[in-house]
Amino acid sequence: MIPELSNPSVCMSDPQRVEEIIEAIQKAGPNTLQVISDFDMTLTRFAYNGKRCPTCHNILDNSKLISEEGKSQLKELLHTYYPIEIDTNRPVEEKQPLMVEWWTKAHELLVQEHIKKDLLQEAVRESDAMLREGYQLFFDHLQEHSVPLLIFSAGIGDVLEEVIRQAGVFHPNVNVISNYMDFDETGTLKAFKGELIHIYNKREGALLNTGHFQELKSRHNVLLLGDSLGDLTMADGVHSMENILKIGFLNDKVEERMSCYVNAYDIVLVKDETMVVPNAILHHLTSAK
Ligand SMILES: Nc1ccn([C@@H]2O[C@H](COP(=O)(O)O)[C@@H](O)[C@H]2O)c(=O)n1
Ligand SMILES: [Mg+2]
C-alpha cells in the first residue's frame, strides 16, 4: 500500500492493523485529521555523523548564555536522570517524581543564569540542532492540506519556536504546547510559566489545554509521532477519537527497548533519522480516495 513501510528501519507488530487504520483515516479525508507530534528527537534528529544532536534544553545548556559552572551542573543532571528517563525496567510511577526533580532542578539552574530573551535567537542559530531530513516536506504538506499540527513538547517552548522559525516552517497551522520562559521587564529569565510539562505527564498537559482540542473537535483522526513511551498519551485530550496511528522513533538503547516500543507504537522506526516514512503516510492520507 505504501512502499516505504517495507523500508529496513520499519518494525510493526501488526502490519494488517496498520493498514486498516491508514485506510480508515484516508477514507475519512484530511478534514478529519490532526497531527500531534513530540519535538525533541522526533521532529529533530537524534544524531548526525555519529554525534548526538541537542534537545531544546541542551541548546541552552551548551550555549554561551550559560556559565562554565552552570554547564557542568546541567551536564551532571543529564547524566543522572536521562538513563532513568529511558529505562524500560522501571515503572513510570517510579520515574515520574524523578523527572519532576530533573526538570525542576534544570529550570532553577537556567533561571540562575539570568538568560536574556534577545539572545535566544543567536543561541539557536549557533547550536547543532537539526530537524530530521524531510522536515520541510512534512511541515509544508500539512500546511498545504490545512491539517493542524500540534507540537507537544516537554522541552522549552521559546527555544522550540525559534528552531522552527529559523527553519522557515512555523506555519499558521502549527500550535505548540510546551514549557515557556517567563521574562521580567528587562527581558531576563525569572521563571517558567504554568504547569511543568515533563516526559511522563503529557496527558495532564493535554487536559490543561482542552481549549486546543475543543477547537479541533471535528478532527477525530490522529497521526501521533513520538520518541518516548511518555509521548503515547499526547492525544488523550482529543474529542471522540475514531482512529489513531502511532509512529515511534526508537533512537537509543534499541535492543533493550524494542519489545516495549513494538507493543506500544503501531509503527516503530529504528535508528531512522528521516521523515521519509511519516511523509509517505501523510501523502497517502491526504490523497484522493
Ligand atoms: N533538563 C533537561 C530535561 C529534558 N531533556 C530532554 O528533553 C526531552 C523532552 O522534550 P520532548 O520535546 O521530547 O518532549 C527529553 O527527551 C529529555 O531527555 C533535556 O535534554 N534536558
Ligand atoms: Mg522527544
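The rules behind the values
Residues numbered from 1 in each chain as written. Chains lettered and ligands numbered in written order. Predicted model: local features only at pLDDT ≥ 70, side-chain atom pairs only at ≥ 80, totals over all residues. Heavy atoms only, no water. 1 Å grid on protein atoms, 1.4 Å probe; cavity = no way out; pocket = protein on both sides within 12 Å on 5 of 7 lines; lining within 4 Å. Points joined across faces, edges and corners; volume = space filled by probe spheres on them. Nonpolar A, V, L, I, M, F, W, Y, C, P; charged D, E, K, R; others polar. Helix = DSSP H or I, 4+ residues; strand = E, 2+ residues; numbered from the N terminus. Domains from an automatic or database assignment. Contact = heavy atoms within 4.5 Å. Buried area = accessible area lost by both parts, 1.4 Å probe. Salt bridge = Lys/Arg side-chain N within 4 Å of Asp/Glu carboxyl O. Polar contact = N/O pair within 3.5 Å; in protein donor to acceptor, adjacent residues only side chain to side chain. Buried < 20%, exposed > 50% of the residue type's maximum accessible area, 1.4 Å probe, protein only. Arc of directions from axis to C-beta.

### Quick look at empty space enclosed by the protein
Now for step 1: Within this structure, the stated rule accounts for one cavity of 30 Å³ or more.
Now for step 2: By volume, the largest cavity is sized at about 50 Å³.
Now for step 3: Along its surface, the largest cavity is lined by E85, I86, D87, T88, K95, Y200, S228, L229, R257 and Y261.
Now for step 4: Its residues placed into classes, the lining of the largest cavity shows four nonpolar, two polar and four charged.

### Quick notes on the layout of surface pockets
Now for step 1: Considering only enclosed or pocket space, the largest pocket measures out at about 990 Å³ in volume.
Now for step 2: Every residue lining the largest pocket is counted, 47 residues in all, and those nearest its centre are R52, P54, T55, N58 and L78.
Now for step 3: For the lining of the largest pocket, the element with the highest residue contribution is helix 3 (residues 68–85), accounting for nine residues.
Now for step 4: A class-by-class count of the residues in the lining of the largest pocket yields 20 nonpolar, eleven polar and 16 charged.

### Remarks on the domain arrangement of the protein chain
Now for step 1: Domain annotation for the protein chain reports domain 1 (3–45 + 131–286) and domain 2 (48–125).
Now for step 2: Spacing between the C-alpha centres of domain 1 and domain 2 amounts to 21 Å.
Now for step 3: Between domain 1 and domain 2, the residue contacts involve 34 residues of the former and 31 residues of the latter.
Now for step 4: Both faces combined, the contact of domain 1 with domain 2 buries some 2900 Å², and carbon together with sulfur accounts for 69% of it.
Now for step 5: Considering only the surface of domain 1 that becomes buried against domain 2, R45, V159 and Y200 emerge as the three largest contributors, covering 20% of it.
Now for step 6: Put simply, domain 1 and domain 2 have zero salt bridges between them.
Now for step 7: In this structure, the connection of domain 1 to domain 2 is made through twelve residue pairs in polar contact (both at pLDDT 80 or more).
Now for step 8: Residue assignment for the side of domain 1 that touches domain 2 shows that the elements contributing at least two residues are strand 5 (149–156), helix 7 (157–166), strand 7 (181–183), strand 8 (189–192) and helix 10 (254–264).

### Comments concerning helix 6 (residues 135–144)
The α-helix advances 3.6 residues per turn, and as a result positions three or four apart in sequence lie on the same side.
Now for step 1: Inspection of helix 6 places F138, F139, H141 and L142 among the buried residues, and these make up the whole buried set. Within helix 6, the buried residues cover an arc of 165° as seen down the axis, which keeps them to one side. Of the exposed residues in helix 6, the ones pointing more than 90 degrees away from its buried face are L137 and E144.
Now for step 2: In this structure, the buried side of helix 6 is in contact with strand 2 (33–37), strand 5, helix 7, strand 6 (174–179), strand 9 (221–226) and helix 11 (276–285).
Now for step 3: Count one or two residues on from helix 6 and you reach S146, which has phi positive near 55°.

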